[in-house]
Amino acid sequence: MASNGKGDGAHFALDDPLKKVDPQLYEIILKEKSRQRHGLEMIASENFTSAAVLQSLGSCLHNKYSEGLPGARYYGGNEHIDEVERLCQQRALDAFGLSSERWGVNVQPYSGSPANFAVYTAVVEPHGRIMGLDLPDGGHLTHGFFTQTKKVSATSIFFESMPYKLNPETAEIDYDKLQETARLFKPRLIIAGVSCYPRDLDYARFRRIADDVGALLMADMAHVSGLVAAGVAPSPFELCDIVTSTTHKTLRGARAGLIFFRRGVRSVDRTGKEVPYDLEDRINQAVFPGLQGGPHNHAIAGVACALLQAQTPEFKLYQTQVVANARRLAAGLKARGYTLVTGGTDNHIVWLDLRGTGLTGAKGELLLEAAAIACNKNTVPGDKSALNPSGLRLGTPALTTRGLTEEHFDTVVDFIDKALQLAKQVVAVSGVKMVDFRRVLAGEQFAEPATKLRGEVEAFAGQFPLPGLGEL
Ligand code: DSN
């Protein structure tokens, strides 16, 4: 429908559909749906959630305020909201094989970043010390990123953060150096978590380091929580005090966050007295009233539903395929001469190092986007600036949800290679400046090969169903 963007006039009925009330917005959503359907989604943190999760998100639960916890709310009318939240809590424990005697969970964080910040405010005093993997080495902003000139993340503004890094030789986490630095820095909290790292974490090593310096150990398993639930990646629960996660990446649920915290005995002191954990109240109070207001009950329902799905055999098969596809993607790219950070993958991430190709992450990302392949530029270990990264992060969760298997990823490798070869040809004409690269790519000289490649990708992607979506 053509649209003037103003709907059908000044009046609307509360039951009118979006298409009628707001055709401009409706059309934008349809365009995004088409982009998702006809492109290849390879952003490692994205996924396509199910119809049942989307239905929960669009439900009447959205309308309700419920500050507080189940059974202790600041608003009336919450008997069913309490049921939803308790169901979500129980399923979160079940999905990761946890007993409610040893673990509790807060399911109210709006997403992963607020979940992490809530933990810090709960267990670290203002300007207390935190250690996380440096962002250019694959860590997340919320793990404390700062530069020489700027405290970028609020974690580094309100707490003192000290990064640990990858070993430049192996590109794997430098645990020896982490131990050495931790002994000097004496952090209150160490974070074992990543945003771009294709290898399993050694939680036992993290635990030993945390114990050595008397720190709490928090895992941020946002990227791998689906793999953990399916048992295809190591579980952080046995060895950590606190575990946070988002719920919409490999876990494939609604967008939200979770904080798991230990209950029961933390240690036994020299006199034989048991020292209990004191995390539960601190963390619950940091989430509300410390940082958040009313929980997003529709999202909590969407997470509850995804956590039920995460306990099925289908989900285990899906996660096994996610990893198999990532391995095939890595092998295919290596066979074509590309360099991968760490040389391969254990999980859903493939980390491409473009140094030495004449390309940067931004140029690679732009050309892939022109070819309807979505991924993101990413620093690689050794990069001097997070603003001009030399790598690309690719992921398999979203395409695996659409049904792609290993042989389909051979075709995906072919498309990526074609796009990056084309990018090199563009650079040969444009030179290194991004502004010139954009201009030459958009110009006549490369219109035909770029359009042809995009057409091939769109025809390929269009064969695979996009789950979960009805009209929109
Ligand atoms: N977790 C980030 C990512 O990996 O894309 C977003 O915050």
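A short tour of the structure in this document, coming up.

## So, the overall build of the protein
Phase 1: If you tally the helices and strands in the protein, you get 17 helices and 17 strands.
Phase 2: Its C-alpha atoms give the protein a radius of gyration of 23 Å, near enough to 23 Å, the size a compact globule of 472 residues would have.
Phase 3: Taking the principal axes of its C-alpha atoms as reference, the protein extends roughly 80 × 65 × 45 Å.
Phase 4: Evaluated residue by residue, the protein yields a buried proportion of 53% over its 472 residues.
Phase 5: Considering only contacts within the protein whose residues lie at least 6 apart along the sequence, 71% involve residues at least 24 apart.
Phase 6: Accessible surface, the protein: about 21200 Å² in total, of which carbon and sulfur atoms supply 53%.

## Points about the packing of aromatic side chains
For any pair of aromatic rings, the description consists of the separation of the ring centres together with the inter-plane angle of the planes.
Phase 1: According to the stated counting rule, one finds 15 aromatic pairs in the structure shown.
Phase 2: An angle of 65° between the planes, with centres 5.7 Å apart, marks the rings of Tyr74 and Phe288 as edge-to-face. On the criterion of sequence distance, the pair formed by Tyr74 in the loop between strand 3 (72–73) and helix 4 (79–95) and Phe288 in helix 10 (residues 279–291) is long-range, its members being 214 residues apart.
Phase 3: Using a relative accessible area of 63% as the deciding quantity, one classes Tyr74 as exposed.

## Looking at the nonpolar core
Phase 1: Phe96, Ile173, Ile190, Leu201, Phe206 and Phe260 are the most contacted members of the largest nonpolar core, which has 70 residues in total.
Phase 2: No other element matches the 8 residues that helix 11 (residues 297–309) contributes to this core.
Phase 3: Dropping the residues within four chain positions of it, Ile190 is found in contact with Met131, Ala182, Phe206, Ile209, Ala210, Val213, Ala215, Leu216, Leu217 and Met218.
Phase 4: Leu333, Leu352, Leu453 and Ala461 belong to the second largest nonpolar core, which has 44 residues in total.

## Some details on the site of the ligand
Phase 1: Ser45, His140, Ser195, His223, Lys249 and Arg393 make up every residue found near the ligand.
Phase 2: The separation between an oxygen atom of the ligand and a polar side-chain atom of Ser195 is 2.9 Å.
Phase 3: Within the complex, 66% of the 230 Å² of free accessible area of the ligand lies under protein.
Phase 4: Residue composition of the shell around the ligand, by class: no nonpolar, 4 polar and 2 charged.

## Comments concerning the pattern of salt bridges
Phase 1: Scanning the model with the defined rule gives 25 salt bridges in all.
Phase 2: Through salt bridges that share partners, Arg336, Asp414, Asp417, Lys418, Lys452 and Glu456 make up one connected network.

## Quick notes on the side chain of Lys249
Phase 1: With respect to the secondary-structure elements, Lys249 resides in the loop between strand 9 (242–246) and strand 10 (257–262).
Phase 2: In this structure Lys249 is buried but unpaired, with Asp220 as the nearest side chain of opposite charge at 6.7 Å.
Phase 3: Excluding anything up to four places from it in sequence, Lys249 contacts Ser45, Asn47, Ala222 and His223.

## Thoughts on the packing of helix 5 (residues 112–123) against helix 10
Phase 1: Taken N-terminus to C-terminus, the directions of helix 5 and helix 10 make an angle of 120°; their axes are 8 Å apart at the nearest point. The pairing of helix 5 with helix 10 is recorded here as oblique in orientation. Between helix 5 and helix 10 lies a crossing of right-handed hand. Contacts between helix 5 and helix 10 involve Pro114, Phe117, Ala118, Thr121, Ala122 and Val123 from the former and Leu279, Arg282, Ile283, Ala286, Val287 and Leu291 from the latter.

## Brief notes about the sheet that holds strand 14 (residues 349–353)
Phase 1: Taken in spatial order, the 4 strands line up as 13-14-17-16 in an open sheet, and their pairing is antiparallel. Two strands close off the open sheet at either side, each with one partner strand: strand 13 (339–340) and strand 16 (376–378).
Phase 2: By the bridge criterion, 5 bridges tie strand 14 to strand 17 (residues 391–395) in an arrangement that is antiparallel. When the sheet's bridge partners are listed, Trp351 is paired in strand 17 with Arg393.
Phase 3: Taken strand by strand, helix 13 (residues 361–370) contacts strand 16 and strand 17, and its axis lies near 45° from that of strand 17.

## Quick notes on the environment of Ala386
Phase 1: Structurally, the position occupied by Ala386 is in the loop between strand 16 and strand 17.
Phase 2: Residues Ala386 and Asp137, 249 residues apart in the sequence, show an inter-C-alpha distance of 9.8 Å.
Phase 3: Not counting residues within four places of it along the chain, the set of residues in contact with Ala386 comprises Leu135, Phe145 and Thr379.

## Quick notes on the sheet that holds strand 5 (residues 129–133)
Phase 1: Judged by pairing direction, the sheet is mixed, and its 7 strands sit side by side in the order 4-10-9-8-7-5-6 without closing on themselves. One side of each edge strand has no neighbouring strand; the edge strands of this open sheet are strand 4 (103–106) and strand 6 (160–164). Averaged over all neighbouring strand pairs, the angle between strand axes comes to 20°, with direction disregarded.
Phase 2: Its contacts with the sheet put helix 4 on strand 4 and strand 10, and the angle it makes with strand 4 is roughly 130°.
Phase 3: Packed on one face of the sheet, helix 8 (residues 203–213) meets strand 6, strand 7 (189–193) and strand 8 (216–220) and runs near 175° to strand 7.

## Some remarks on the pairing of strand 10
Phase 1: Burial of strand 10 is extensive: 6 of the 6 residues sit out of reach of the surface.
Phase 2: The alternating pattern of strand 10 places Gly257, Ile259 and Phe261 and Leu258, Phe260 and Arg262 on opposite faces, both of which are buried.
Phase 3: The pairing of strand 4 with strand 10 spans 4 bridges and is antiparallel. Counted as the bridge partner of Val105 is Phe260 from strand 10.
Phase 4: Here 5 bridges tie strand 9 to strand 10, and the two strands are oriented antiparallel to one another. Each bridged residue has a counterpart across the sheet, and for Ile242 the counterpart in strand 10 is Phe261.

Thresholds, definitions, all that
Residues numbered from 1 in each chain as written. Predicted model: local features only at pLDDT ≥ 70, side-chain atom pairs only at ≥ 80, totals over all residues. Heavy atoms only, no water. Helix = DSSP H or I, 4+ residues; strand = E, 2+ residues; numbered from the N terminus. Rg over C-alpha atoms; globule rule 2.2 N^0.38 Å. Buried < 20%, exposed > 50% of the residue type's maximum accessible area, 1.4 Å probe, protein only. Contact = heavy atoms within 4.5 Å. Areas by Shrake-Rupley, 256 points an atom, 1.4 Å probe, with all protein chains shown as cover. Phe/Tyr/Trp six-rings, centres within 6.5 Å; stacked < 30°, edge-to-face > 60°. Core = buried A, V, L, I, M, F, W, Y, C linked by side-chain atoms within 4.5 Å. Near = heavy atom within 4 Å. Polar contact = N/O pair within 3.5 Å; in protein donor to acceptor, adjacent residues only side chain to side chain. Nonpolar A, V, L, I, M, F, W, Y, C, P; charged D, E, K, R; others polar. Salt bridge = Lys/Arg side-chain N within 4 Å of Asp/Glu carboxyl O. Lys, Arg positive; Asp, Glu negative; His and termini not counted. Axes fitted to C-alpha atoms, helices over the stretch in contact; angles between N-to-C directions. Parallel < 35°, antiparallel > 145°, perpendicular 65-115°, else oblique. Left-handed = near helix turned anticlockwise from the far one by under 90°. Pairing = 2+ DSSP bridges.

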